[in-house]
Structures are given as structure tokens and as C-alpha cells.
There are 4 protein chains.
Amino acid sequence: MTNRIRKIINDPVYGFITIDDPLVFQVISHPWYQRLRRIHQMAFAHLVYPGAVHTRLHHSLGAYHLMCSALTELKNKGVDITPEEETAAKVAILLHDIGHGPFSHALENVLINNTSHETISILIMRVLNEQMKGQLHKAIDIFTNNYTKPFLHQLISGQLDVDRMDYLTRDSFYTGVSEGVIGYDRILKMLTVKEGDLMVEEKGIYSIEKFLVARRLMYWQVYLHKTVLGAEKTLVKIVQRAKELIQQGHEVPAASVTFDFFLKSPTSKAFIEQHLDKFCLLDDYDVLAAIKNWVFHSDTVLSTLCRSFIERRLLKVKLQAEPFDQDWIKTQRNNICRHLKINDADCDYFIFTGEAENTTYNPTVERINILFKNETVTDISKVDNALIHQALASPVKKYYICYYNC
Amino acid sequence: MTNRIRKIINDPVYGFITIDDPLVFQVISHPWYQRLRRIHQMAFAHLVYPGAVHTRLHHSLGAYHLMCSALTELKNKGVDITPEEETAAKVAILLHDIGHGPFSHALENVLINNTSHETISILIMRVLNEQMKGQLHKAIDIFTNNYTKPFLHQLISGQLDVDRMDYLTRDSFYTGVSEGVIGYDRILKMLTVKEGDLMVEEKGIYSIEKFLVARRLMYWQVYLHKTVLGAEKTLVKIVQRAKELIQQGHEVPAASVTFDFFLKSPTSKAFIEQHLDKFCLLDDYDVLAAIKNWVFHSDTVLSTLCRSFIERRLLKVKLQAEPFDQDWIKTQRNNICRHLKINDADCDYFIFTGEAENTTYNPTVERINILFKNETVTDISKVDNALIHQALASPVKKYYICYYNC
Amino acid sequence: MTNRIRKIINDPVYGFITIDDPLVFQVISHPWYQRLRRIHQMAFAHLVYPGAVHTRLHHSLGAYHLMCSALTELKNKGVDITPEEETAAKVAILLHDIGHGPFSHALENVLINNTSHETISILIMRVLNEQMKGQLHKAIDIFTNNYTKPFLHQLISGQLDVDRMDYLTRDSFYTGVSEGVIGYDRILKMLTVKEGDLMVEEKGIYSIEKFLVARRLMYWQVYLHKTVLGAEKTLVKIVQRAKELIQQGHEVPAASVTFDFFLKSPTSKAFIEQHLDKFCLLDDYDVLAAIKNWVFHSDTVLSTLCRSFIERRLLKVKLQAEPFDQDWIKTQRNNICRHLKINDADCDYFIFTGEAENTTYNPTVERINILFKNETVTDISKVDNALIHQALASPVKKYYICYYNC
Amino acid sequence: MTNRIRKIINDPVYGFITIDDPLVFQVISHPWYQRLRRIHQMAFAHLVYPGAVHTRLHHSLGAYHLMCSALTELKNKGVDITPEEETAAKVAILLHDIGHGPFSHALENVLINNTSHETISILIMRVLNEQMKGQLHKAIDIFTNNYTKPFLHQLISGQLDVDRMDYLTRDSFYTGVSEGVIGYDRILKMLTVKEGDLMVEEKGIYSIEKFLVARRLMYWQVYLHKTVLGAEKTLVKIVQRAKELIQQGHEVPAASVTFDFFLKSPTSKAFIEQHLDKFCLLDDYDVLAAIKNWVFHSDTVLSTLCRSFIERRLLKVKLQAEPFDQDWIKTQRNNICRHLKINDADCDYFIFTGEAENTTYNPTVERINILFKNETVTDISKVDNALIHQALASPVKKYYICYYNC
């Protein structure tokens, strides 16, 4: 039993998560992975759902756990997966979100312009691969879909990947929105592989429908909840105002040198590639500590936004099917300018509109294939009596407005 | 239906928490209460149990929910409780932890010398009472046990209070340590009042035993888990080192003016009373953001401790029934000094011992009284065939040592 | 506290069910209600889902519990409901299934020809009303939809009644089909009344969609699971064979005089009305004990069917979208006749076809109305971006065949 | 993938139970195993806890599932277990309760005099072994503790066996007595083997304490609940009366030939060995259907007991620490005789006393050994600060009286 690594982690969602692979253990122990402890999985959803304070680290551990189950199920069904591929798939899912910055999606493309978290994940994985002497090669190939067995990539990033299965399960668990619960264990048991592609056995059709409906519900009820949306958009405004003031030559000290650095620099993919080590120091604490400081900043716009955020006296938000009336917006805008004694340009920080959209299932870009007993393959939206009909394939768009409530 | 306040909050533990009292709503909306969102309930237990990231706000909302249930049960049994008393008890439990500072118990009596969080809670409640025009009078009387119906205080602070019931329930839920689960709903149904005192009906004996055993388990398995203990003691060392350096005249800028202020000042109860508004700005973010900054401080002691903390390369911890061998400690200590190239005095930050203790049930200071059908009252440790025997009344003491692992 | 009735029943699904009304207590104590303990809620679903052995009594207690919650929520929203109406609604839901005979739906219209269980429920309620001196008048009016507040009836029997909410919740709980779980607590909080009719608040749309999808899943995955379907159809064949033999003058003693009586009589509504007391002696035990006896009956058809049933060597079942090929059936049929050495007519007992159908949501006969904030009312299938589309309004029909597997 | 057996069973307690061994599948399919579907796991506990209607079949499947987990854990820790031993241990646990008769423990030693269900289990296993051509040899050796690796037997029948783990878990689940929940998954992970014996790792001490406390609670709160006790003792009285009447030459037809046979015969181990096939036809349905018939029997004693049972108008029960006062009993007895117009001898059926006892942990006959890191082994009641103290080693005895409530 010597030298065997075997660590067991309690998880309220799955019971116990087991780690028994040295490379997996090495990845988890890395400071860059540990940083994910300090990034909320759901940004500011906890302002509405106080339980939703779980972290990116917990989510990626959870997705890793589901990956272990999925691989075991597939191997039991006779799918050929080598031990090396198994480790690689586990490492890849552990690192799939390593590129997330503070408050995850809420500041994506804002802190680092035009650069998705997946792009940064790959950059980080490459550096880790060097540090770990090439041990992550296969994991990177799987993650970037350059591996000969596409189903391994599809388990990480696809319509039915373990990432989605974990976040829906975990987010519904922590928010207490029990209706978002999916039958992840049954779906895992229904997975199969045909000609290299991930499929679902016929018996799993209703579970898949349920999965899509749960996801739809979670989007509109939780992720795009108007108060959550409003808080996250306000966060963006705060960061934008800080950058703007800095560009105008004002002093806007954040709470850390690291965050100062990113606020002052014109960011981009090339930039982040050069400063990856600094990026890997950044987390929610840098941003929120700065916002707490800025409550006392001399700029009214910045301090007002920050105070409303910290004291949870949030901007008012409306969400509806049609665009908002421009005249009504103008009146509100005038009131706000007068009330806060700010000029018209600055009022953009206190009243702004946007669009939120979500697609229940888009068969053209993402496919869930059902493998029937007679070996035919059919898209979930094309099976007999499909719940997931054509009308659900186009995105639902809603309009929101956030505004300071005088 | 106008003017009626009715807010429903999703809670993964209890389902839904309802707020339907204007004063309760006013208290929850106050920025000082909202601050509790930024204080972890379990400090650094999440380093071992990654799910345990819930907040003081969530805990106090949960305790409030149990208080609502307890009051309803007692009223149904004919106990006389007026609507004013009900509101007061609810407000008192909501505010029972308002005096906690960053990382709750971990820094209690460290950031503010010799001042418990309860003392600060009372100070804060008095100021809130002024702000809210005397509406909190009765809540304060209940909280300080100066009210004519002692059972209301006992529900907040006693051996069987809703505070403990919520934290055991919530902490076991979020850690995933299912064995810490207690039958809170059954205990609530077994509560009764005799001559003003809270008691438990005879039928509830086994539930109470189970409650005490679950608490015992949670202490040794979670709250005093050696890694959790080590991390929290390291946190104390970090704050002490920062204070020491400041007193020696070094620059040790934290991440916020607020935390700077408390690090530089000789704190005490009188001091905190004077600067309550500043205290109410302080939370986990101030402390952790400072620690992140100090990773790069020029003082080796401070930066080494901070780095080990942030990267989760924690001090090694041992916990045992007997004190540690002094010779062994001396050897370790010398190794550390040599390895880190620090002087002997500074080595106190890298190797230190202490004691952890917990009492399963101490009938002399805390009593759980069982009311038998024949109206006699007996302490839970004195009932026939009691599980909770005399030997469990004295505290169990364990010795720990934390040390830098060369 | 004298004379107050307060009984608490543990329920694995809801925690605790409280009974605090003397009339409710009287109804529950009645032998006819207690009979429901001996009727499986899900007939033979436990042959596939071994946990699904819960009873009609448990289901009706659960529905009663949800009724209590629903009434409390509605009263909190200002809906006018008198204490008498409350008791009546609770009694009505307790008794809504009192007319079920052995194995519930599986033998409905078989043991008692052309008489639904609702019809029998009303007959029984009338007799109980006499026994209880008219105390059930209002409950009967509500049950039969003759009461001035239609929403009370809709809570018992409608598209969103507490009957469905409990059976979906309870059946998914006991089968372990977690995907059938619905957010009953959230739905209850979203209920409202407009102009006497039950409606759902706008915020509840996604919960309702989820409810309909869960029901759809439960039908195809559980209630109409091919093995369950096959077992229940075999049960019908057994009873039919026994009746047939009796009509032909054979001796087919059941295990009880009561069941003998019903097997020998030409049943009908008028008949059952006359022999209600005998009907109320009948339960699963009469039928299954008889089947156990008939394993040893001299008639090959009866004994073979009974043995396959008791030993769980069930008829083979296929379920598909198209009707079965007649030639294939004929071949099978011949094989069976030869194998079992029975004549062609008797072979109807060993190979038979039928249709199973279920409608996800039929807006013409059942409506779920959504009440929008602007007071307009819209059917759930007509709201923007409805999941529940037109195609789901027509029933899905599947064809089954059960046959003896030579 | 051909010929591979892989069956998945939904279980509300554990999620999914997997069967992937042909011999296991063969055993489960046997009619004698299927008979366990018709035996309630908890006899008449459902009269108090309506959810507790699960079956012996479900319990033994659950224990089988835990056995699978335990074996996997032990193998992962390097314990040597061959595939044949694995199958044998699984078959042995599946069959450990096969010898239970109707209503399990309630009629043990009553229907079949002086013969425990374990004795009958072995008899049945031997016959099955013949039927299955010796495939059960190893399973029988393990079951009867004649195998060279004692830990395999200890997993089936010992202080910490999977039988207890399943019944505590399942019974608390189905009754809704959440306080009986044990951390079975953690205990399984803490199991280890030293010198052939099953032990628990040091870290598992608190889980084991919790397990013993949960069992203690379940005994007094559920298994020996006074109403449950009373119902089961009444059941015994009913069977005894029927036998008595038969011996006196009266006609007391049961509902089946099988039950008639056992009521009329002087049973014993030798007898049951001879009529094992008949025994394997007997289940709850034979007994309860007979009781339903006997409600109308001409013997007042029998019909009165049966009616009270079926209508749940049970005998009154008291349970207390001291024996009951003989004078009080005499008075009650006289009242009952007068009220029911029966003679004094028959009154024994309507008022009777007895003792119930339970031991929390008896270290002399059953041991739970803790394996410390330093390889020493200590009994759980002897570890430092043990919760499970000496006083709990002697049985707690309580006295009950059941009597007809005039």
C-alpha cells in the first residue's frame, strides 16, 4: 500500500470525491488551481440565493468526480479507454475553468478584453505542461479537441458534458432551487459511444428532455434572474468607471498591486499571455476589496455605485419581452441626473439597457444524439413526440434595464 | 394586500425562509447586517471541506427560520407569546452574531483584544436601536436575558438554542459531514415551557442525546480538525506578525484603510465602542486581500506565512492526547530556523503548540431539562440509562502542534 | 390545552404531517379509511421499482398535508377561506381515493364493471356523512364541484391539484426516479385565486413547465413502464379467467368470502351502491392471497398465469409506436398454444395487445392559467416561448403486446 | 458485450443498485427469493410510521449493495479478496434473510417453534446449493463462519455488518425518522482488515459512536415503540388463539392451504426441514388474509382481536421502567372480562405483560475494534474519552402491558 495516493474529499452534493492519481493530485495542489477557491462559481447570484457561495474549485472537483463515473460506465460497456487517456481526461476537466478570472463570467471579456476564459485556460495549461514536464500533453489534446477519440472531448465540452452536469446539479443544490435538479447519475448510466462519438441510449430520452428543461429553468430563474443580472452589470460598470478615471489621470488605487496593474493596462490576449503569472494572482478578493475601498472614493459615480453594491441597495432592474420605451427612459435619466447631481454622460452608469438571451436547445451547433436499439441515431429534437421542438431552437431574447432608483 | 411585506428566500437547508415582518425586513436590509454576507461562517474549514463556504448571514437567517418554527410550536402548545415578543425574539436571533468580525471565531479576541463577539453584538444592537427609534428595546432585553420570560433568551442562547441547531444543521450540510445532522424539526416539536423555562418533552430524550453526540462529532471531526485548526492558528500568527512589525515601525500596508486602522490601534472594548462604525466596515475581504498583498512583503516571516496560507501549503499539524515532547520540538525548531534562515524568536511563528478542548455536555453550566409526563423535571444526564454520563461532563483536552515542514 | 387534538405523523417525504382537527381525526380513524393501508398506491410498479410499495393511505395523508399548506398560503395572500371550508377541503382530499379497490387503477372497471373509483368515493362519502351526522356536507359539495368557491374543488381535482402534486412527489420518491421530482413547495407558493379560480403567478411559469415535464417522464418511465404494464394487464387476465371459470360453473374459491362474492356477482354501480359495506372490506390482500391459492388450481390457464405472477416470471412485453405485425402475432400464438397445450380461445390469456396513451398537456379539457402582473390570464401553452407546445396537446399513443415466452 | 449481465435497479436510498454477476442474478430470480417481496421488513411498524412498508427483498438488495461497496473499498486498500470470494459474499448477504417467515421477527419462533430465521436460512441455502449444482458452497461457508477469512463473515453478521448498516439506513429512511440515519458511506470507507478480522480505522471512531447511538435511538423510538410492540404482540396472540382453537377441534380456516397446514402442525426444526417447500410458499399475505377472514369467526376472542387489528383500534399499551402493579392489572382484567363477557382464561388474550430490552453495546459478545495508526487495536468502548461507556454494556429492560381498552 506504500506510495499509493488516496485522498477522500467530502462533498455535500456527491458524498465523497476520491483522488487516487498522482498527476491529478499534483494538479490540484498547484497554487494556480488553489486560486479557484477564491472565485465564486456564481458571481453574485448569492445576493438573491444566499446559499450560492460555492467556488470554481468545488465545481471543477465535482466535474472531475462525474468524469470518473462517466469513464467507469463507458469502460464497463466495453468502450476502449486506456489508463493514460483516463488520467488525461480527468486532468483536462479539472483545468477546464482554470482560466476564469474574478467573478467568473461576470467580468469575462471586461477585465481582459476580448479573451474568453477557455482561451486563458489553454494558455495556463500549456505553462503547467512545461512545469510538469509534458505530462499534460494528452490532456491538452483532449481539451482542444485534437485527440483521436472525440468522445473524450465531448465529455468535457459538449451539449451533455460533465461540466454542465456538475454546474446544473451544484448550482441548483446551493441555490436551493430544487427544480434545477437533473438526473445526472441516470444520464451517466445512459451514455454510450458509437464511432467515437458520445451518444445517449434510447432509454435515456426522457432524462435528457428533463435535463434541457432544468437548464432552461435555471437560466431564467437563476442565472438571468433580474437582480442577479443587475448586480453583475453594475459590477461591470464599476470596473469600467475605474478604468475610465485612471485613463483620465485620476488616482483610483485598488486594494492590490495586481489589480492595479490590470486596471491600468490595455489588456488583450497577447498581453495576458505575457502576464499569465500576474493573472494567476487575481481573484474575487482583489476586486471586492477594491470596491470596498472605492465606497470612499471622491468620484461620485464610482463611490455611489460601489456603496449600492456593498450595502446591497442595488440598482432597480426590469426584464421584459419587448424593448423599453425610449421616452420613459429619457424621463428616468433626467430624474437621475438631477437627483445625483451628475452630468448626462455619467448618467450612463446609472441607467442602462441590454439584452439577455438563452436557447433551450440549438440542434445546429450542439447536438444530443440518441442511439436507438436498432443502431439508428437521431437528434433529440427529432425523436417521436419530441418535447424539444423547433420553436425552442431559436434563442429567446429578453430586454433588461437597470437604473438608479431615486 | 397592500403594504404587506412578504419575501421568500430559497434555502438549500430548509427550503424556503419567509420574511413577513416590517421590522425584521428593516434589520435585514441594514448595511451592517448585509456585511455578514462577507464573513465565512466556518472561517477556513473550507480548506478541508470545500463546500463549507457559507456565510454568517446565511446562518443567522437560518437561525431566524428555526426561531419562527419554535415560536409557532410553543404557541400551538398554549405558551403565551405576544406578537411583540415574537418580533423581538426574531430580531434578537437575527442580530445574535452581528458582532462577529472577519473570519468569525478564528480572529475573535485577536483583532479586538479581550472582546467577545457577543459584547460587540450588544454594542451594535444598541446603536441600531437608536437608529430605529427604540424598536429593538425588547429584542435587546431578550438577548441580554433581562426579559421576564427566560425561555425566549434560552431559545437564543442556551444548550438547546436555535443558534446551535442551525449551525450544526447548516455546517453538516455544507461540509457534507452527514453524520453531524440533527433532528432539528423533531427537537423543535418536543420543546415546551414550564414555569418560564425551556424544556424538552420526555419523548424527545433520544433526539437530544443524538443532538449532543452529533455536536461532539462535529467538534472533533470538523471544527477542531487538525488542518482547520492549523490554518486558523496560522491566520492568528499572520495578524500578530503584522501588528508586531507595525509596532516596530515597519510599513505593513493592508488592503484597506479600515484594516490598517485596526492593525495600528491598541484595541479594547472601549476602543471598539468608540469606533463601531469602522468595525462594521470590516470583513473577510479586508483580511484576505491584505494577506494576498503580504505574500510579497519584505519580511520573510510574514511573506512565508502568507504564501503558505494562500497557496494552501499549510503548516503541518499534529493533534494528540498528550503534550508533545519538548526535545522533539527543540530539534524541529532548530531545523526550521536553519532552513528559513530566521532567528529563534521569529521561529515562534513557525512552530507553536496549544490545546483544543471540547465538552460533550457540562450539566453544571448548561442544562437540558426533560419534562416527564408526571411533571417532574430531570437533567438529560440524570435520566434512566442516560447515554450522556458523568465522564462526558469534563472537557476533553487535546494538544496540537503546528510547524513548518522543512 | 385540554381536548385539543394534535397528532404528528412522520413522513419521509414531507418530514411531519400534523393533524389538529377533530373531524379530520375522526375520518382518519374510520375503518374504511384504514383499509387504504392495504392498497398499494402503485399496484405492481414495485416489480420494477422495489421501493414503490407505499399505500393509498400514505398518499392521501400526503395530499392532505399539501392541502393544508396550500390553504395557508392562499389565506396569507388574502384569499377568503373560512375555518369550515378549510376543514371541508381537508376532509374531501383525505377521502378523494376512498373508492379505490384492490390494486387501485389496475383493477378499476374490472372488479366493478364500468364504475370509476371517483363514483365509488362519492357513494362512500355519502354514507360516512350519515354516520357522522352531516358533518361532511360541505366536503361533498367541494368534491363534486357544487361549491361556490371553485378553487377549492380545483385544489382537489384539476390540472394542478394537490392529488397530482403528492402522487408525483411520492411516487418519484419511493421509486427512486429522482427525475420525477417536482417543486411542489414552490408551486404551492405561486398559487393564487382570481375570480374564484385557481391560478399560478407569473413567476411560477417555469415550475409549471417542469411539473408537466416531470409528469410526462413519470408516465412513460414508470406508470407505463412495459414490465409494469404487462404485470397489471396479467392481473386483469387472472381476474377475468377466474370470473369466466365461475360463470362456466367451475369452483374457483378465492381466499376470502368477500372476494368470492364479488367474483360471482354481475357488478355495476347500482350493485356496488347496495353492497358498499362489502366493498369496504376488500383490499390487495384478498386478491393476492387468492392468486397465491390459484397457483395450484386445476385450470392450466389460471394456474399458469398465477404462477408467473407470483414467481415474477412475467409475460414478455413489447411497447412501440406502431401496431404489431399480425402475422408475427399469429406465429407466436400458435407456438404458445402448442407449448402450453391449450386451445386457441384460451390463448387470448397468453398473448394480447393493447394501447397505452398519455397526453403531456391538453389545454381543451384541463387548463393551467397563469396570472400576469398586469392581471391578464393566459394558458400555460400560450405564454411567450412556451415549452408546452401544440404538438404536446394530442395524446401520444403506444402499442403494447404481452405474450407468454415459450 | 454479449452475454454480459448488467441490470440496474432504482433504489430511493442508494440511487442505483447494479447486478452484474450471473450467479447473483440467478439467486435473485429464484421464486424463493422473490417471496421476500411479500414480507414486510418492519412487520407492523407502518401502523405508526405509515412509510415503513418496505420489504425484506428490498432490504437484502440494499445489504447486497453495501457489500459490493465494502468489498471494493477493502480491495482498494490491498486486502486480498478473490472474484469467487466476492461473488460468494454477495450471494451470502442476499440470502441472509431468506429464512424469514411472514412478518419477519414478529412471528419468529411462533409460527415455527424454537427455530430462528438464521437456522431456516441455512436450510434453504443448502437446498438452493443443490439446485444450483454446488455454486453456493463458498457462500454457505462464509455465512456459517466456516471460511478461512473471518472478515467476510463479519461483514454479513457482526457488530458492524452490512445487514445492520442497511436496515438502520433503510428503516430510518422509510419511517422518516431522520435521526436514525448513519454515515454508512463513511463507515465503509473506514473499514479495514487486520489479521483476517474486520476493523475500523482510528479516524472512524466518531462515526461508529454515531452508529451505535442511532441504533439505540431506532430501537426505543421505532422498533420498540409501544404501539408497534403492542400490534406485534397482538399478532402473536391471534396466531396462538387460532392454534388453540384448532387443537380444541374447532374449525379455523385460514385463507390458504399453506397457512392451514402450519397452523395445524406441531412445528419444529426437524418439521420445517421436511416441509421447506411449503414454508417457502408462506408470506404476509397468507397471514393477513386469514386475519381478515377471522374478523367474522364465531369465537369472540379471535374475532375481537382480529377486528381491532384490521381496523387499527389497537390494544392500549404502556411501556415503563418498572413492572406494573399487580392490583391494578387485576382490576383491569376484571373490567375486561365483564365488558367482553369472556371467561378469565380467555382474558389472557386481552391483557398481558412482557419485557422489552435492548443493549446499546455489549463488548463481551460483540466487538468493534479500532485499529490505531500505531497498529494497536482497541475496543470502541475502551478508547480515550469513549462515549460508549460501561453502563451501556448491560441491557436496558422495560416492561410493557397491552390491554383491551373498555
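Structure's up top.
The structure presented is a predicted model; accordingly, all values stated were derived computationally and were not measured. (Residues numbered from 1 in each chain as written. Chains lettered and ligands numbered in written order. Predicted model: local features only at pLDDT ≥ 70, side-chain atom pairs only at ≥ 80, totals over all residues.)

Asker: Hey, could you run me through the overall build of chain A in this one?
Answerer: Counting its secondary structure elements, chain A contains 17 helices and nine strands. Here the C-alpha radius of gyration of chain A, 23 Å, is about what a compact globule of 406 residues would show, namely 22 Å. Dimensions along the principal axes, computed over C-alpha positions, put chain A at roughly 70 × 55 × 35 Å. For chain A, buried positions account for 49% of its 406 residues. (Helix = DSSP H or I, 4+ residues; strand = E, 2+ residues; numbered from the N terminus. Rg over C-alpha atoms; globule rule 2.2 N^0.38 Å. Buried ≥ 20, exposed ≤ 12 C-beta atoms within 10 Å, placed from the backbone.)

Asker: What's the story with the environment of Phe296(A) in this structure? I'm lost.
Answerer: Residue and element names in this part refer to chain A. Topologically, Phe296 is positioned in the loop between helix 15 (284-294) and helix 16 (300-310). For Phe296, a count of 14 C-beta atoms within 10 Å translates into the label partly exposed. Through-space distance from the C-alpha of Phe296 to that of His153 is 48 Å; in sequence the pair is 143 residues apart.

Asker: Would you explain the relation of the copies chain C and chain B in this entry?
Answerer: In this structure, two copies of a chain are linked by a rotation about an axis accompanied by a shift along it. Under the fitted operation, chain C is carried onto chain B by 0.0 Å of movement along the axis and a turn of 180°, and the coordinates agree to an RMSD of 0.0 Å. As the rotation angle and translation indicate, the two copies are arranged about a two-fold axis. Among all C-alpha atoms of chain C, that of Tyr14(C) lies closest to the rotation axis, at 5.7 Å. A share of 100% of the interface residues of chain C reappears at the interface of chain B, consistent with the copies meeting face to face through the same patch. (Least-squares fit on C-alpha atoms with pLDDT ≥ 70 in both. Contact = placed C-beta atoms within 7 Å.)

Asker: How should I be thinking about the sheet that holds strand 6 (residues 351-358) of chain A in this particular structure?
Answerer: Residue and element names in this part refer to chain A. Taken in spatial order, the three strands line up as 5-9-6 in an open sheet, and their pairing is antiparallel. Every other strand in the sheet has two partners, leaving strand 5 (316-320) and strand 6 as the edge strands with one partner each. Ignoring strand direction, the axes of neighbouring strands in this sheet form an average angle of 20°. Here strand 6 pairs with strand 9 (residues 396-403) via eight bridges, running antiparallel. Looking at the pairing, Ile351 lines up with Tyr403 of strand 9. Strands in contact with helix 11 (residues 226-247) are strand 5, strand 6 and strand 9; relative to strand 5, the strand with the most contacts, it is inclined by about 120°. (Pairing = 2+ DSSP bridges. Axes fitted to C-alpha atoms, helices over the stretch in contact; angles between N-to-C directions.)

Asker: Would you explain helix 12 (residues 257-264) of chain C in this entry?
Answerer: For an α-helix the count is 3.6 residues per turn, leaving residues at separations of three or four pointing the same way. All names here are of chain C. Residues of helix 12 that are buried include every one of Thr258, Phe259, Phe262 and Leu263, and no others. Angular distribution of buried residues about the axis of helix 12 spans 130°; they occupy a single face of the element. The elements touched by buried residues of helix 12 are helix 11 (226-247), helix 14 (276-279) and helix 15 (284-294). (Arc of directions from axis to C-beta.)

Asker: Where do I start with the relation of the copies chain A and chain B in this structure?
Answerer: With an RMSD of 0.0 Å, chain A superimposes on chain B once it is rotated by 180° and translated 0.0 Å along the axis. Interface overlap between copies: 100% of the residues of chain A at the interface are likewise at the interface in chain B, consistent with a symmetric, same-surface contact.

Asker: Explain the interface of chain C and chain B here, please?
Answerer: By a frequent convention, interface size equals the accessible area lost on bringing the separate parts together. Residue-level contacts link eight residues of chain C with eight residues of chain B. Mapped by element, the contributors of at least two residues to the side of chain C that touches chain B are strand 2 (15-19) and helix 9 (184-190) of chain C. Among the residues forming the side of chain C that touches chain B, the class breakdown is three nonpolar, two polar and three charged. (Nonpolar A, V, L, I, M, F, W, Y, C, P; charged D, E, K, R; others polar.)

Asker: What am I meant to see in the packing of helix 1 (residues 22-29) of chain C against helix 4 (residues 83-94) of chain C here?
Answerer: Each packed pair of helices is defined by two parameters, the angle between the axes and the distance between the axes. Residue and element names in this part refer to chain C. Closest axis-to-axis distance for the helix 1/helix 4 pair is 9 Å, and the angle between their directions is 15°. Regarding the angle of helix 1 to helix 4, the classification is roughly parallel. When you trace helix 1 past helix 4, the crossing you get is right-handed. In this structure, helix 1 contributes Leu23, Val24, Val27 and Ile28 to the contact, and helix 4 contributes Thr87, Lys90, Val91 and Leu94. Here the residues of the contact of helix 1 with helix 4 are counted per class, giving six nonpolar, one polar and one charged. (Parallel < 35°, antiparallel > 145°, perpendicular 65-115°, else oblique. Left-handed = near helix turned anticlockwise from the far one by under 90°.)

Asker: Sorry if this is basic, but what is going on with the nonpolar core here?
Answerer: Residues Met67(A), Met67(B), Met67(C) and Met67(D) are the most contacted members of the largest nonpolar core, which totals 520 residues. Looking at which domains feed residues into this core, each of domain 1 (7-220) and domain 2 (226-316 + 342-349) of chain B supplies at least three. Beyond its immediate stretch of four places on either side in the chain, Met67(B) contacts Ala89(B), Lys90(B), Ile93(B), Leu155(B) and Val162(B). (Core = buried A, V, L, I, M, F, W, Y, C linked by C-beta atoms within 7 Å. Domains from an automatic or database assignment.)

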